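Report on the structure
If you want the building blocks of each chain, they are given just below.
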Amino acid sequence: MSLAYAIMGLLQEEQRTGYELKTSCFDQCIAHLWPADQAQIYRTLDKLLEQGWIKCTVEIQCDRPNRKIYSVTETGKAELIKWLQSPQSLPILREPLLIQLFFAAQLSNEAIMQLLEDQLAAHIEKLTKCEKINLPVLGDQYATREQIMQRLALELVLRREKTYIDWLKTAIEIIDHL
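Each value, and the rule that gives it
- Residues numbered from 1 in each chain as written.
- Predicted model: local features only at pLDDT ≥ 70, side-chain atom pairs only at ≥ 80, totals over all residues.
- Heavy atoms only, no water.
- Helix = DSSP H or I, 4+ residues; strand = E, 2+ residues; numbered from the N terminus.
- Expected span 1.5 Å × (residues − 1).
- Contact = heavy atoms within 4.5 Å.
- Axes fitted to C-alpha atoms, helices over the stretch in contact; angles between N-to-C directions.
- Parallel < 35°, antiparallel > 145°, perpendicular 65-115°, else oblique.
- Left-handed = near helix turned anticlockwise from the far one by under 90°.
- Nonpolar A, V, L, I, M, F, W, Y, C, P; charged D, E, K, R; others polar.
- Phe/Tyr/Trp six-rings, centres within 6.5 Å; stacked < 30°, edge-to-face > 60°.
- Buried < 20%, exposed > 50% of the residue type's maximum accessible area, 1.4 Å probe, protein only.
- Core = buried A, V, L, I, M, F, W, Y, C linked by side-chain atoms within 4.5 Å.
- Salt bridge = Lys/Arg side-chain N within 4 Å of Asp/Glu carboxyl O.

**Details of helix α3 (residues 38–51)**
With 14 residues, α3 should reach 20 Å at 1.5 Å per residue; the first-to-last C-alpha distance of 20 Å fits that figure. Check the buried side of α3 and you find it contacts α1 (2–13), α2 (18–26), β1 (54–59) and β2 (67–72). Note on α3: the residue one or two positions beyond its end, Gly52, has a positive phi of about 80 degrees.

Next up, the structure:
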């Protein structure tokens, strides 16, 4: 259900089309916190419309298909505030690599190293993308309240990626010496 609240939070900032939600919001930043594909976003928009938490206006276009522009209703804003104030349970983490590593004694060191190095490359790539997100650093006196909240979320993602990269490097070093 967090996808619905992420969408409402984005729509509360400004009215957007489903396409804009995907390309300008999820692909650029939110995907690092909560990934979603185009189909998931549109299914969620439909559910939010049914619940009355968002509304949709159609913008008629002559040379292109009409655009559906979504915005949050007062009921949706109230639901978003209620959710924002609700404590969240710890997430259930599923790490396929850890399951692979748990049983990897059956593989050669080279095969294990390849798994780890592939993951290392993927995490370095994700860290690089996250570091390119343009938000003021913490402590910037000119940052808005919204930017500070977004930066705090991004900081955890950055720290998590750096920790994962450090752990992968350690694991690679240990396997290399077996």
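**Some thoughts on the packing of helix α6 (residues 109–131) against helix α7 (residues 145–176)**
Interhelical geometry of α6 versus α7 gives an angle of 160 degrees and a closest axis separation of 9 Å. When the axes of α6 and α7 are compared, the pair comes out roughly antiparallel. Once α6 is placed against α7, the crossing between them reads as left-handed. Per-class residue counts for the contact of α6 with α7 are 16 nonpolar, three polar and seven charged.

**Points about the packing of aromatic side chains**
Under the criterion given, the structure shown has four aromatic pairs. Note on Tyr5 and Trp53: the rings are 6.1 Å apart at their centroids and 35 degrees apart in plane angle, and the pair reads as tilted. Taken together, the residues span a long stretch of sequence, with Tyr5 in helix α1 and Trp53 in the loop between α3 and β1 at a distance of 48 residues. For the pair Tyr5 and Trp53, one class covers both residues: buried. Taking the centre distance of 5.7 Å and the plane angle of 85 degrees together, the rings of Tyr164 and Trp167 count as edge-to-face. On the criterion of helical spacing, the pair formed by Tyr164 and Trp167 is a turn pair, its members being three residues apart in helix α7. The partly exposed category is assigned to Trp167, whose relative accessible area is 32%. Through a chain of ring-to-ring contacts, three or more aromatic side chains come together here, namely Tyr5, Trp53 and Trp83.

**Considering the nonpolar core**
Residues Ile7, Met8, Leu11, Phe26 and Leu45 are the most contacted members of the largest nonpolar core, which totals 21 residues. Of all the secondary structure elements, the ones that give two or more residues to this core are α1, α2, α3 and β2. Take this core: its biggest share by element is eight residues, from α1. Contact partners of Leu45, with chain neighbours within four places excluded, come to Ile7, Leu11, Gly18, Leu21, Ile54 and Tyr70.

**Some points on the packing of α1 against α3**
At a minimum axis separation of 10 Å, α1 and α3 run at an interaxial angle of 80 degrees. Taken together, the axes of α1 and α3 lie roughly perpendicular to each other. Between α1 and α3, the contacting residues are Leu3, Ala4, Ile7, Met8 and Leu11 on the first element and Gln40, Ile41, Thr44, Leu45 and Leu48 on the second. Of the residues that constitute the contact of α1 with α3, the class distribution is eight nonpolar, two polar and no charged.

**Overview of the pattern of salt bridges**
Side chains that differ in sign of charge can pair as their charged atoms come close. Counted by the stated rule, this structure contains nine salt bridges. A salt bridge links Glu13 to Arg16, with the shortest nitrogen-to-oxygen separation between them at 3.6 Å. Overall, the relative accessible area of 38% leaves Glu13 in the partly exposed class. Relative accessible area serves as the criterion here: at 10%, Arg16 is assigned to the buried category. Between Glu74 and Lys77 there is a salt bridge whose closest N-O contact spans 3.5 Å. Taken together, the residues Glu74 and Lys77, both in helix α4 (residues 74–84) and three residues apart, mark about one turn of the helix. Within the structure, one salt-bridge network assembled from shared partners comprises Glu13, Glu14 and Arg16.

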